[in-house]
Amino acid sequence: MRPDFFAEYLTGLVTNSPGVQRVQSLVGAGEASVSFGVAVTVDGREVRWQVMGQLADGEKHDAPAAPVDGRPAPYVAVGTRAAPDVWLAGVLGAGESPQIEQVDIWSARENPAKDHFGLTVRFYNGQRVFVRKT
């Protein structure tokens, strides 16, 4: 899934999540320098997420992406008080997309960088998106 489609998909998921008061694109939130992403207000706190992508090996930008379905990635639902990327991974997992193979939570890695929140989302077609808290 390419970043533009993923940002739209993510917007739909977070819009319907408990505790979310507002969702808008980063461009709509005044981040003109960022092409794809969402600003989410959860429990009164705004968090901005930039979405960047990586094509599958050998894939070209001018060719349409091939959707490949598999078993949705495992996830754990958490409350809005969890680390921002842990919460976002739970929301993403609850969507049970058959295109998502794996979600790597940056703050849950061994020896994570302080205040470095984000996700690496791997798709069955070999593409990846990186969702970074800005």
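Everything in this summary refers to the structure shown in the same document. Just so you know, these numbers come straight off a predicted model, no measurement behind them.

1. Details of the overall build of the chain
Point 1. When helices and strands are counted, the chain shows two helices and six strands.
Point 2. Secondary structure elements of the chain, listed N to C terminal, follow the sequence α-β-β-β-α-β-β-β.
Point 3. Computed over the C-alpha atoms, the radius of gyration of the chain is 14 Å, within 12% of the 14 Å expected from 2.2 N^0.38 for a compact globule of 134 residues.
Point 4. In the chain, which comprises 134 residues, the proportion classed as buried is 38%.

2. Quick notes on the sheet that holds strand E3 (residues 45-54)
Point 1. An order of E1-E2-E3-E6-E5-E4 is seen for the six strands of this open sheet, with the pairing classed as antiparallel. The sheet is open, and its two borders are formed by strand E1 (20-25) and strand E4 (100-105), each paired with just one other strand. Each adjacent strand pair in this sheet contributes to an overall mean axis angle of 20 degrees, direction not counted.
Point 2. Note: strand E5 (residues 118-123) against strand E6 (residues 128-133), five bridges, orientation antiparallel. Opposite arginine 122, over in E6, you have arginine 128 as the bridge partner.

3. What to know about the side chain of glutamate 59
Point 1. Along the chain, the position of glutamate 59 falls in the loop between E3 and helix H2 (84-94).
Point 2. For glutamate 59, the side chain forms a polar contact with the side chain of arginine 2, separated by 3.0 Å.
Point 3. Engagement of the side chain of glutamate 59 in a polar contact is seen with the side chain of glutamine 127, the distance being 2.8 Å.
Point 4. Non-local contacts of glutamate 59, meaning those with residues more than four positions away in its chain, are made with Arg2, Ala65 and Gln127.

4. Focus on helix H1 (residues 3-15)
Point 1. Here H1 spans 18 Å end to end across 13 residues, near enough to the 18 Å set by a 1.5 Å rise per residue.
Point 2. Turning to H1, its buried residues are Pro3, Phe6, Ala7, Leu10, Leu13 and Val14. Relative to the axis of H1, the buried residues are bounded by an arc of 125 degrees and lie together on one face. Exposed positions of H1 whose direction lies more than 90 degrees from the buried face are Phe5 and Glu8.
Point 3. Where the residues of H1 are buried, they touch E1, strand E2 (37-42), E3, H2, E5 and E6.

5. A short note on the side chain of glutamine 127
Point 1. Relative to the assigned elements, glutamine 127 resides in the loop between E5 and E6.
Point 2. The contacts of glutamine 127, once residues within four sequence positions are left out, are Met1, Arg2, Gln54, Leu55, Ala56, Glu59, Ala65, Val121 and Arg122.

6. Some words on the environment of leucine 13
Point 1. One can find leucine 13 in helix H1.
Point 2. It is 18 Å that separates the C-alpha atoms of leucine 13 and alanine 83, two residues lying 70 residues apart in sequence.
Point 3. Residues contacting leucine 13, with those up to four places away along its chain left out, are Val91, Leu92 and Gly95.

Rules of the game
- For every chain, the first residue of its written sequence is number 1, and the numbers climb from 1 along that sequence.
- Where local features are concerned, this predicted model is filtered to residues with pLDDT of at least 70; where side-chain atom pairs are given and counted, the filter is 80 or more; whole-chain, interface and lining totals use all residues.
- Excluding hydrogens and water, the side-chain figures rest on all heavy atoms present in the structure.
- In DSSP terms, a helix is any run of H or I states spanning at least four residues, a strand is any run of E spanning at least two, and both are numbered starting from the N terminus.
- Taken over C-alpha atoms, the radius of gyration is set against a globule rule of 2.2 Å times the number of residues to the power 0.38.
- Buried residues are those whose accessible area, probed at 1.4 Å on protein chains only, stays under 20% of the maximum for their type, while exposed residues exceed 50% and partly exposed ones sit between those limits.
- Pairing between strands is defined by DSSP: at least two bridges between them are needed.
- Between the N-to-C directions of two axes lies an angle of 0 to 180 degrees, each axis being a line fitted to C-alpha atoms and, for a helix, fitted only over the stretch in contact.
- Pairs of N or O atoms within 3.5 Å make up the polar contacts considered here, provided that, within protein, one atom can donate a hydrogen while the other can accept it, and that residues adjacent in sequence are counted only when both atoms are side-chain atoms.
- Whether two residues are in contact is decided by their heavy atoms, any of which lying within 4.5 Å being enough.
- By this rule the span expected of a helix is its residue count minus one, scaled by 1.5 Å.
- The directions considered for the arc are those from the helix axis to the C-beta atoms.

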